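Geometric and topological summary
Residues per chain are reported as follows:
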Amino acid sequence: QVHLVESGGGLVQAGGSLRLSCAASGRTFSSYAMGWFRQAPGKEREFVAGIGWSGGSTYYADSVKGRFTISRDNAKNTLYLQMNSLKPEDTAVYYCAANLGVSREYDYWGQGTQVTVSS
């Protein structure tokens, strides 16, 4: 069992920055991969970024590459998403998720945090 809680969302102007955090509890944090997803109103949920259990491997959607950075602190059981050069199209509810490695599907999800970028 893994429990995930996101924080750090809010309202920011275009071009600004935000850092999202995801606090994990339950299973040993350093034993599984993590990811960030987002869902905008009227759209399907989409992958944003992923990171391996050690933090050595990272993956990004083309839409955020070069602007967002995913990282993790296994000592603090926390996942981060640094978002720079934000655009109005980044507006969405952002979710963190845990992949325990059984399949390519993510197994546990947080409740989400709203990010709104004004133009």
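Here the structure is shown first, and the text comes after it.
This structure is a prediction, so every number in the text was calculated from the model and none was measured.

Comments concerning the nonpolar core
Grouped together as the largest cluster of nonpolar side chains are 29 residues, with contacts concentrated most on Met34, Trp36, Leu79, Leu81, Met83 and Tyr94. Within the residue set of this core, elements represented by two or more residues are strand S1 (2-7), strand S3 (18-26), strand S4 (33-39), strand S5 (46-51), strand S7 (68-73), strand S8 (78-83), strand S9 (92-99) and strand S11 (113-118). Those residues in contact with Leu81, other than ones at most four positions away along the chain, are Leu18, Arg19, Leu20, Trp36, Val48, Ala49, Phe68, Thr69, Ile70 and Tyr94.

Observations regarding the pattern of salt bridges
Side chains carrying opposite charge are able to pair once their charged atoms draw close together. Enumeration according to the criterion identifies 4 salt bridges in this entry. A salt bridge links Lys65 to Asp62; its shortest N-O distance comes to 3.1 Å.

Some details on the state of the cysteines
Scanning all chains against the criterion turns up 1 disulfide. One disulfide bridge connects Cys22 with Cys96, the sulfur atoms lying 2.1 Å from each other. Sign of the S-S torsion, about 60° for the bond between Cys22 and Cys96, identifies this disulfide as right-handed. Taken together, the residues span a long stretch of sequence, with Cys22 in strand S3 and Cys96 in strand S9 at a distance of 74 residues. By the burial criterion, Cys22 is buried, and Cys96 matches it.

How each quantity is defined
Residues numbered from 1 in each chain as written. Predicted model: local features only at pLDDT ≥ 70, side-chain atom pairs only at ≥ 80, totals over all residues. Heavy atoms only, no water. Core = buried A, V, L, I, M, F, W, Y, C linked by side-chain atoms within 4.5 Å. Buried < 20%, exposed > 50% of the residue type's maximum accessible area, 1.4 Å probe, protein only. Helix = DSSP H or I, 4+ residues; strand = E, 2+ residues; numbered from the N terminus. Contact = heavy atoms within 4.5 Å. Salt bridge = Lys/Arg side-chain N within 4 Å of Asp/Glu carboxyl O. Disulfide = S-S within 2.5 Å.

Spatial relationships are all this shows, so hold off on functional conclusions.
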